[in-house]
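# Residue-level structure breakdown
If you want the building blocks of each chain, they are given just below.
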Amino acid sequence: MPSEKILERKKQVVAELSEKIRAAAAGVVVDYKGINVADDTKLRKELREAGVEYTVVKNSLLRFAAQEVGYGDLSSVLEGTTAIALSKEDQVIAAKILSKYAENSNGKFTVKAGFVDGGVIDAAKVAALGKLPNKEGLLSMLCSALQGNLRGLAVALNAIAEKEGGQAPAEAAPAAE
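The structure reproduced in this document is the subject of the present report.

What counts, and where the lines are drawn
- Residues numbered from 1 in each chain as written.
- Predicted model: local features only at pLDDT ≥ 70, side-chain atom pairs only at ≥ 80, totals over all residues.
- Heavy atoms only, no water.
- Helix = DSSP H or I, 4+ residues; strand = E, 2+ residues; numbered from the N terminus.
- Rg over C-alpha atoms; globule rule 2.2 N^0.38 Å.
- Buried < 20%, exposed > 50% of the residue type's maximum accessible area, 1.4 Å probe, protein only.
- Contact = heavy atoms within 4.5 Å.
- Areas by Shrake-Rupley, 256 points an atom, 1.4 Å probe, with all protein chains shown as cover.
- Lys, Arg positive; Asp, Glu negative; His and termini not counted.
- Charge placed at Lys NZ, Arg CZ, Asp CG, Glu CD.
- Core = buried A, V, L, I, M, F, W, Y, C linked by side-chain atoms within 4.5 Å.
- Polar contact = N/O pair within 3.5 Å; in protein donor to acceptor, adjacent residues only side chain to side chain.
- Pairing = 2+ DSSP bridges.
- 1 Å grid on protein atoms, 1.4 Å probe; cavity = no way out; pocket = protein on both sides within 12 Å on 5 of 7 lines; lining within 4 Å.
- Points joined across faces, edges and corners; volume = space filled by probe spheres on them.
- Nonpolar A, V, L, I, M, F, W, Y, C, P; charged D, E, K, R; others polar.
- Axes fitted to C-alpha atoms, helices over the stretch in contact; angles between N-to-C directions.

### Remarks on the overall build of the protein
Counting its secondary structure elements, the protein contains seven helices and five strands. Listing the helices and strands of the protein from first to last along the sequence gives α-β-α-β-α-β-α-β-β-α-α-α. Scaling as 2.2 N^0.38, a compact globule of 177 residues should have a C-alpha radius of gyration of about 16 Å, whereas the protein reaches 25 Å, well beyond that. In the protein, which comprises 177 residues, the share counted as buried stands at 32%. Within the protein, residue pairs in contact and separated by at least 24 positions form 77% of the contacts whose partners lie at least 6 positions apart. Accessible surface for the protein amounts to roughly 11,400 Å². Of this, 56% is attributable to carbon and sulfur atoms. Of the charged side chains in the protein, 23 are positive and 23 negative, and the gap between their average positions amounts to 9 Å.

Listed below in structure tokens is the structure:
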């Protein structure tokens, strides 16, 4: 049985981990067995630059933290070596980086599961999430689509105005004095 001091320290770690998970927009749980130091350093640097916090965790502590936050379904994948990547703002970036890395690792590094929008997702959904464009890319696509629709509307209104009388609607109406 662990001493009171050790037990209190573990409770503190679980509380801190729970708060980090609660504050995260998304997270990815991975098995990092087989990764070498150079690759791990490169991966950590890429995640850090993207604003993702990556931490190696004990399965038992992560299990308690996940239960506390409401992600109890993660318990089924908490075996072997485990690390968690948490992103506070972007739901896609951690999945994108880790899925790409897992594809290139020849089975040495695998995605176990993840969570996003208050729910747990399996490894296949993490991979699918990783293939989506990031937030800025999605916003850019939305703006492009809206701009195209507005341009089409402007062209159609201009064609109607020219057909009606050769003047734009604003020019046709005299200003009230």
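Next comes the rest of the description.
### Regarding the nonpolar core
Val28, Val30, Leu43, Leu47, Tyr54, Leu98 and Phe109 are the most contacted members of the largest nonpolar core, which totals 24 residues. For this core, the elements supplying multiple residues, two or more each, are strand E1 (26–31), helix H2 (37–49), strand E2 (52–56), strand E3 (83–87), helix H4 (93–103), strand E4 (110–116) and helix H5 (123–130). The next biggest cluster of nonpolar side chains, apart from the first, holds 17 residues, and it includes Ala24, Ala65, Ile84 and Ala113.

### Focus on the side chain of Lys112
Structurally, Lys112 is set in strand E4. At 3.2 Å, the side chain of Lys112 forms a polar contact with the backbone oxygen of Thr81.

### A few points about the pairing of E4
With six of seven residues buried, E4 is to be regarded as a mostly interior element. In terms of strand pairing, E1 meets E4 through six bridges, oriented antiparallel. Within the sheet, the bridge partner assigned to Gly27 lies in E4 and is Phe115. Sheet topology note: the E4/strand E5 (residues 119–122) ladder contains four bridges and is antiparallel. Paired with Val116 across the strands is Gly119, a residue of E5. What sits between the antiparallel neighbours E4 and E5 is a turn of two residues, in which Asp117 has the positive phi angle 50 degrees.

### Structural notes on the layout of surface pockets
Empty space within the largest pocket amounts to approximately 240 Å³. The element that contributes the greatest number of residues to the lining of the largest pocket is H2, accounting for four residues. When the residues that make up the lining of the largest pocket are grouped by side-chain class, the tally is five nonpolar, four polar and five charged. There is about 170 Å³ of room inside the second largest pocket. Taken together, Ala50, Gly51, Ser87, Lys88, Glu89, Asp90, Ile93, Lys135 and Glu136 make up the full set of residues lining the second largest pocket. Across the lining of the second largest pocket, the residue classes tally to two nonpolar, two polar and five charged.

### Notes on the sheet that holds E2
Taken in spatial order, the five strands make up an open sheet running E2-E3-E1-E4-E5, and their pairing is antiparallel. Across the chains shown, the open sheet's two edge strands, defined by having one partner strand only, are E2 and E5. Direction aside, the axes of adjacent strands within the sheet are offset by 20 degrees on average.

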